Amino acid sequence: GRGIPVVVMEPCRGGSLASLPEGVESLLRKARPQDSAASWAFRFLQSLPGVQVVLSGMSTLEQLKENIAVFSREDPVTPEERQLLNQVVSLQADLVPCTACRYCVDGCPQHIAIPDYFGLYNDINRFGPSQLGNARHRLGKLAEKNGKPSDCIRCGVCETRCPQHLIIRDYLAD
């Protein structure tokens, strides 16, 4: 509301908004079967005042084509769609909002692979108990090469480097 141009980075939160749990994604598909989860994020940004530039990381030609298609037309979310997005957000509320930039890993005296552990935590919360076996296997592999979350000495170096301003020490304790 202050007329300041806004530049948005990571509109899909490092890809996490592009791969939603099936139950959550089906809510969006029911409303707009042709749209991907990523396109919902982009359309949401179109509905915000002041957004001038969206910097979206892409890793495939298909993602590039989709981004071009979505941003080539003005199609902001409607008030009804915003309510649906609020419902989707509430279903994802227990996730650690980490984008896996890995800035926090540099300088960690305990060599904890923080984003990898947060990814495991999020997978279990997003996809439910079906992920527990896979998560235990991944946890074992991570712990072989890296410090464990319980090794955190709460020095706070990670938090000084986190662009998301996460309280990493508390998330690791969880």
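Predicted, not measured: the structure shown is a model, and the values here were computed from it. (Residues numbered from 1 in each chain as written. Predicted model: local features only at pLDDT ≥ 70, side-chain atom pairs only at ≥ 80, totals over all residues. Heavy atoms only, no water.)

Chemist: Go over the side chain of Arg-32 with me, naming the residues and quoting the values.
Modeler: For Arg-32, the location among the structural elements is in the loop between α1 (22-31) and α2 (37-46). Separated by 2.7 Å, the side chains of Arg-32 and Asp-75 make a polar contact. For Arg-32, the side chain forms a polar contact with the side chain of Glu-81, separated by 3.5 Å. Residues contacting Arg-32, with those up to four places away along its chain left out, are Trp-40, Arg-43, Asp-75 and Glu-81. (Helix = DSSP H or I, 4+ residues; strand = E, 2+ residues; numbered from the N terminus. Polar contact = N/O pair within 3.5 Å; in protein donor to acceptor, adjacent residues only side chain to side chain. Contact = heavy atoms within 4.5 Å.)

Chemist: Let's hear about α2: which residues, and what values?
Modeler: The buried count for α2 comes to eight of 10 residues, which makes it a mostly enclosed element. Looking at α2, one finds that the buried residues are Ala-37, Ala-38, Ser-39, Trp-40, Ala-41, Phe-42, Arg-43 and Leu-45. Buried residues in α2 make contact with β1 (6-9), α1, β2 (51-55), α3 (61-71) and α4 (79-91). (Buried < 20%, exposed > 50% of the residue type's maximum accessible area, 1.4 Å probe, protein only.)

Chemist: Pulling in residues and values, what's your account of the packing of aromatic side chains?
Modeler: The full count for this structure, using the stated rule, is two aromatic pairs. With a centroid separation of 5.2 Å and 45 degrees between ring planes, the pair formed by Phe-42 and Phe-71 is classed as tilted. Remark: Phe-71 occurs in helix α3 and Phe-42 occurs in helix α2; sequence separation between them is 29 residues. Residue class for Phe-71 comes out partly exposed when judged on its relative accessible area of 36%. Here Phe-118 and Tyr-171 contribute two aromatic rings whose centre-to-centre distance is 5.8 Å and whose plane-to-plane angle is 70 degrees, an arrangement assigned as edge-to-face. Of this pair, Phe-118 sits in helix α5 (residues 114-127) while Tyr-171 sits in helix α8 (residues 168-173), placing them 53 residues apart in sequence. (Phe/Tyr/Trp six-rings, centres within 6.5 Å; stacked < 30°, edge-to-face > 60°.)

Chemist: Lay out the confidence of the model for the chain with the relevant residues and their values.
Modeler: In this model, the chain carries an average pLDDT of 88, and 97% of its residues clear a pLDDT of 70 or more. Averaged over each element, pLDDT in the chain is lowest for helix α6 (residues 132-145) (83) and highest for helix α7 (residues 157-161) (96). (pLDDT = per-residue confidence, 0-100.)

Chemist: With reference to specific residues and values, describe the packing of α2 against α3.
Modeler: Direction vectors running N to C along α2 and α3 enclose 35 degrees, while the axes themselves pass 10 Å from each other. Considering the relative orientation of α2 and α3, their crossing is right-handed. Across the interface between the two elements, Ala-38, Ser-39, Phe-42, Arg-43 and Gln-46 of α2 pack against Glu-66, Asn-67, Val-70 and Phe-71 of α3. Grouping the amino acids of the contact of α2 with α3 by side-chain chemistry returns four nonpolar, three polar and two charged. (Axes fitted to C-alpha atoms, helices over the stretch in contact; angles between N-to-C directions. Left-handed = near helix turned anticlockwise from the far one by under 90°. Nonpolar A, V, L, I, M, F, W, Y, C, P; charged D, E, K, R; others polar.)

Chemist: Lay out the packing of α1 against α4 with the relevant residues and their values.
Modeler: Between α1 and α4, the shortest axis-to-axis distance is 10 Å and the interhelical angle comes to 170 degrees. With respect to each other, α1 and α4 are oriented roughly antiparallel. From α1, Val-24, Leu-27, Leu-28 and Ala-31 reach across to α4, where they touch Leu-84, Leu-85, Gln-87, Val-88 and Leu-91. Across the contact of α1 with α4, the residue classes break down as eight nonpolar, one polar and no charged. (Parallel < 35°, antiparallel > 145°, perpendicular 65-115°, else oblique.)

Chemist: Report on α1, specifying residues and quantitative values.
Modeler: Residues of α1 that are buried: Val-24, Glu-25 and Leu-28. Buried positions in α1, seen along its axis, are confined to an arc of 95 degrees and lie on one side of it. Along α1, exposed side chains directed more than 90 degrees from the buried face belong to Glu-22 and Lys-30. Contact partners of the buried residues in α1: α2 and α4. (Arc of directions from axis to C-beta.)

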